[in-house]
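Fold and geometry: a report
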Amino acid sequence: MTRRLAIIFDLDGTLVDTETIHAEAESKLLNDFGIKITPKEITRKYAGIPTESYIEKIVNYNGSLDKLISKKNQIMHDIVCEKGIHPIHGMPELVSYLSSLSIPIFVASSSSLEWIQKCLDTSFQINGKNYSYGYYFKLNFISCSEVKNPKPAPDVFLEGKKRMKKQYSFLNDINVEWIVVGDSLADMEGALNAKMKVFILGKFEDKLIKNDNATVFSTPEKLSAYIKSIIKDAK
């Protein structure tokens, strides 16, 4: 029996190089409350976790959380206007390759729906060819704001799986290998709790990668080559 694949991607730091934008905005936001924390430290501690899930814990803030997030979004808008949104090297080509093979793909992100859409709508020119993630994913994405528990809980991945199975009937086959591609410990924990395999970009503590269902890749090129080898073996 042919083994089928279904792949769920994280967004920030996985498809687009925007973790630094989030971290810089959150660093500036926290600085307004007298909390000095560098973007690098924010990325190390909170990458993959929605802003609202941690910021209330470290800020003595009694106002509207929506206003707080709105302020962060304005800071991000200013940064994007200055620096733009750029893809993680090699990922647009990988997504294009998967799409050409009709392999189901989906985005599950901790970011807001508006930010996800903005990133997917952005066009990139690579080696003379234009890419837009939105062309491949279309409306196949979900935000942690749509589920009860954010990453590192498995909710967003399980809901993404549910939506994919509705769209692709063959994914109801028991012989489907579900894979999450991410870049954070939150992605890793959430995927494993969802009983999915997980491929992670980056370096993490040994205790969190000693799992047969978790594989860490130091570069996008190595990740892409490995996924292509799995596809070849699945045929």
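Refer to the structure presented above.
Scoring rules and cut-offs
Residues numbered from 1 in each chain as written. Predicted model: local features only at pLDDT ≥ 70, side-chain atom pairs only at ≥ 80, totals over all residues. Heavy atoms only, no water. Buried < 20%, exposed > 50% of the residue type's maximum accessible area, 1.4 Å probe, protein only. Helix = DSSP H or I, 4+ residues; strand = E, 2+ residues; numbered from the N terminus. Pairing = 2+ DSSP bridges. Axes fitted to C-alpha atoms, helices over the stretch in contact; angles between N-to-C directions. Parallel < 35°, antiparallel > 145°, perpendicular 65-115°, else oblique. Left-handed = near helix turned anticlockwise from the far one by under 90°. Contact = heavy atoms within 4.5 Å. Nonpolar A, V, L, I, M, F, W, Y, C, P; charged D, E, K, R; others polar. Phe/Tyr/Trp six-rings, centres within 6.5 Å; stacked < 30°, edge-to-face > 60°. Lys NZ or Arg CZ within 6 Å of the ring centre and 35° of its normal.

Before going further, it helps to examine the pairing of strand S1 (residues 4-9). Of all 6 residues in S1, 5 are buried; the element is thus mostly enclosed. One ladder, built from 6 bridges, connects S1 with strand S6 (residues 176-182); its direction is parallel. Its bridge partner being in S6, Leu-5 is matched across the sheet by Glu-177. Bridge count between S1 and strand S2 (residues 105-109): 3 bridges; the pairing is parallel. Bridging across to S2, Ile-7 finds its partner in Ile-105.

Put simply, helix H1 (residues 19-31) and helix H4 (residues 65-83) touch, their axes get as near as 9 Å, and they point 130 degrees apart. The angle between H1 and H4 places the two elements in the oblique class. You can see that H1 and H4 cross each other, and the crossing is right-handed. Counting all contacts with H1, which are made through Ile-21, His-22, Glu-24, Ala-25, Glu-26, Lys-28 and Leu-29, the residues of H4 involved are Leu-68, Lys-71, Lys-72, Ile-75, Met-76, Ile-79, Val-80 and Lys-83. Here the contact of H1 with H4 is built from residues that sort into 8 nonpolar, 1 polar and 6 charged.

Attention shifts here to the environment of Thr-51. Looking at where Thr-51 falls in the secondary structure, it is placed in helix H3 (residues 51-58). In this structure the C-alpha to C-alpha distance between Thr-51 and Phe-217, which are 166 residues apart in sequence, comes to 26 Å. Contact partners of Thr-51, with chain neighbours within four places excluded, come to Glu-26, Ile-69 and Lys-72.

Summed over all chains, the structure comprises 8 aromatic pairs. Arranged with centres 5.1 Å apart and planes meeting at 85 degrees, the rings of Tyr-135 and Tyr-136 form a pair that is edge-to-face. One aromatic cluster in this structure is built from Phe-9, Phe-124, Tyr-133 and Phe-137. Sitting over the face of the ring of Tyr-135, Lys-138 holds its NZ or CZ atom 5.3 Å from the ring centroid. Above the plane of the ring of Tyr-97 lies Lys-228, whose end atom (NZ or CZ) is 4.9 Å from the centre.

A few words on the pairing of strand S3 (residues 123-126). Two faces belong to every sheet, and in a regular strand the side chains alternate between them. Side chains of S3 alternate between two faces, with Phe-124 and Ile-126 buried and Ser-123 and Gln-125 left unburied. Relative to strand S4 (residues 129-132), S3 runs antiparallel, the two being bridged by 4 bridges. When the sheet's bridge partners are listed, Ile-126 is paired in S4 with Lys-129. Linking S3 back to S4 in an antiparallel pair, the connection comprises 2 residues, with Asn-127 at a positive phi of about 50 degrees.

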